[in-house]
Each structure stands twice: as structure tokens, then as C-alpha cells.
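Coordinate analysis (summary)
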Amino acid sequence: MNDWLRNIASQHQKKNLSRTYVAIRREAPDQVIGYYALAAFLIETEGMPGKRLPDRVSAVLLARLAIDNGRQGRGLGAHLLMHALDTALTTSEAVGVQCVVADAIDERAAGFYRKYGFQPFTQTPRRLFLPIETIRQA
Ligand SMILES: CC(C)(COP(=O)(O)OP(=O)(O)OC[C@H]1O[C@@H](n2cnc3c(N)ncnc32)[C@H](O)[C@@H]1OP(=O)(O)O)[C@@H](O)C(=O)NCCC(=O)NCCS
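Residues numbered from 1 in each chain as written. Predicted model: local features only at pLDDT ≥ 70, side-chain atom pairs only at ≥ 80, totals over all residues.

1. Here we look at the overall build of the protein chain
The criterion, for reference: Secondary structure elements follow DSSP: runs of H or I of four or more residues count as helices, runs of E of two or more count as strands, with numbering from the N terminus. It is over C-alpha atoms that the radius of gyration is taken, and the globule rule equals 2.2 Å times the number of residues to the power 0.38. Neighbour counting defines burial: a residue surrounded by 20 or more other C-beta atoms within 10 Å of its own C-beta is buried, one with 12 or fewer is exposed, and intermediate counts give partly exposed, using backbone-placed C-beta atoms. By the convention adopted here, residues make contact when the C-beta atoms placed from their backbones lie within 7 Å.
Of the regular secondary structure elements, the protein chain holds 4 helices and 6 strands. Here the C-alpha atoms of the protein chain give a radius of gyration of 15 Å, agreeing with the 14 Å that 2.2 N^0.38 yields for 138 residues. Projected onto the principal axes, the alpha-carbon positions of the protein chain cover approximately 50 × 30 × 25 Å. Across the 138 residues that make up the protein chain, the buried fraction comes to 26%. For the protein chain, contacts bridging at least 24 residues in sequence account for 54% of all contacts bridging at least 6.

Rendered as C-alpha cells:
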């Protein structure tokens, strides 16, 4: 988590490749306890169950979501995910966005996303999506 934040996130920020959002505590603002990153994305709809769509649609990629090891299981992951979905929804008001896409690093992470309504692509079940319309109606 720290390596990615130190080495990649700031580079991506400068080059406008992604935006990273961090969670900190008021009493220790230098210490990041969780973060996520968002990027604009074009996704192939093959393997995406549901309504008929063009071959490719615009999406927001939830590129990273991680919680400090000692702080997992206390609701912070859910909180950051809701914040990310809210950011994607706001973005979709200005620029058409069909869905949010997340790439889960393992089956455990995929389970976390499925809990919040993300559906797996049929051929690549570690890649999951959540339609913006579902977020809007929530
Ligand atoms: C996955 C991760 C982001 C979840 O964050 P967290 O703070 O530990 O999770 P929360 O405490 O917010 O859990 C929220 C809910 O999701 C559930 N949940 C957590 N992990 C889950 C999993 N693997 N499968 C199903 N549900 C899960 C919790 O039980 C909780 O449910 P409840 O509200 O009904 O009690 C975190 O564990 C993490 O950083 N893991 C390592 C990196 C990673 O896997 N990132 C995912 C992107 S690839």
C-alpha cells in the first residue's frame, strides 16, 4: 500500500492518469489508513450481463482500494467504497459514464465487491462492474 502511494500515485496525479483519495485521522494527519484511486476507462461490454450496450462504454475504474492491515474489518473499506461510488455518480452527471469497474486482486476482494452489488464479467470474474443507474437509485 505504501509503495504504491509513494511511487505511483503522485506520478499518476501529475500526469492526470488517476486521482487518489486518502483516509486519514484528524489526530495523525500524516498517516494514511486507507485509500482508493479513480481513473476514466473504456470497457468492452462483451461478457457483461444485462441490457444491450455498444461494444465499448465509458466507465470509471476503481483502480485501487486498500485499507491498512491493522484497520481492516471496521467499516473503513465500505466507507471509502461509498465515497468512490458517490464521486463516480457526480462525474457521470457531467460526462456520460455507464458503470464503475473494479479489478479485484483475489477472490476475497471480489467477495467484498459482490457484497455491494458488483457483478462479475462472465469470462473474467475478477473484473466486476456496477451500473451507474444502480448507484443513482440506491
Ligand atoms: C477488501 C477491503 C478493502 C475491505 O475493507 P474493510 O475495511 O476490511 O471492510 P469493511 O470493514 O468496510 O467491511 C464492510 C462489509 O464488507 C464485508 N466484507 C469485508 N470483506 C469481505 C469479503 N472479502 N467478502 C465479503 N464481504 C466482505 C464485511 O463483513 C462488512 O460487512 P457488514 O457491514 O455486513 O459487517 C480490505 O480488506 C483490504 O484493503 N484488503 C486488501 C486489499 C484488497 O483486497 N483490496 C480490494 C481491491 S483489489
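2. Overview of the pairing of strand β4 (residues 99-103)
Heads up, the rule is: Pairing between two strands is assigned when DSSP locates at least 2 bridges connecting them. If you view a crossover with the strands going away from you and the path from the first strand over the helix to the second runs clockwise, you call it right-handed.
The element β4 is extensively covered by neighbouring structure, given that 4 of its 5 residues are classed as buried. Here strand β3 (residues 56-67) pairs with β4 via 4 bridges, running parallel. Considered in β4, the bridge of Ala 59 is made with Cys 99. As a crossover connection, the stretch from β3 through helix α2 (residues 76-94) into β4 is right-handed. As judged from the 5 bridges shared by β4 and strand β6 (residues 127-131), these two strands associate in the antiparallel manner. Bridge pairing links Val 100 to Leu 130 in β6.

3. Structural notes on the nonpolar core
Applied cut-off: The term nonpolar core refers to a set of buried Ala, Val, Leu, Ile, Met, Phe, Trp, Tyr and Cys residues connected through C-beta atoms within 7 Å.
Formed by 31 residues in total, the largest nonpolar core has its most connected members in Leu 62 and Val 100. The set of elements that each furnish at least two residues to this core consists of β2 (28-44), β3, α2, β4 and β6. A total of 7 residues in this core trace back to one element, the largest contributor, which is β3. Those residues in contact with Leu 62, other than ones at most four positions away along the chain, are Tyr 36, Leu 38, Ala 84, Val 100, Val 101 and Ala 102.

4. Notes on the sheet that holds β2
Taken in spatial order, the 6 strands of this open sheet run β1-β2-β3-β4-β6-β5, and their pairing is mixed. The open sheet has two free edges, formed respectively by β1 (19-25) and β5 (119-120), since each of these has just one partner strand. For β5 and β6, the ladder comprises 2 bridges, and the chain directions are antiparallel. Residue Gln 119 lies in a different strand from β6, and its bridge partner there is Phe 129.

5. Re the site of the ligand
Quick note on the threshold: In this entry, near means the residue's backbone-placed C-beta atom lies within 6 Å of the molecule or strand.
Lining the immediate surroundings of the ligand are 17 residues, of which Gln 72, Gly 77, Ala 78, Ala 109 and Gly 111 lie closest. Put simply, the parts of the chain that give the shell around the ligand at least two residues each are β3, α2 and α3 (107-115). Of all the elements, α3 adds the most residues to the shell around the ligand, at 5 residues.

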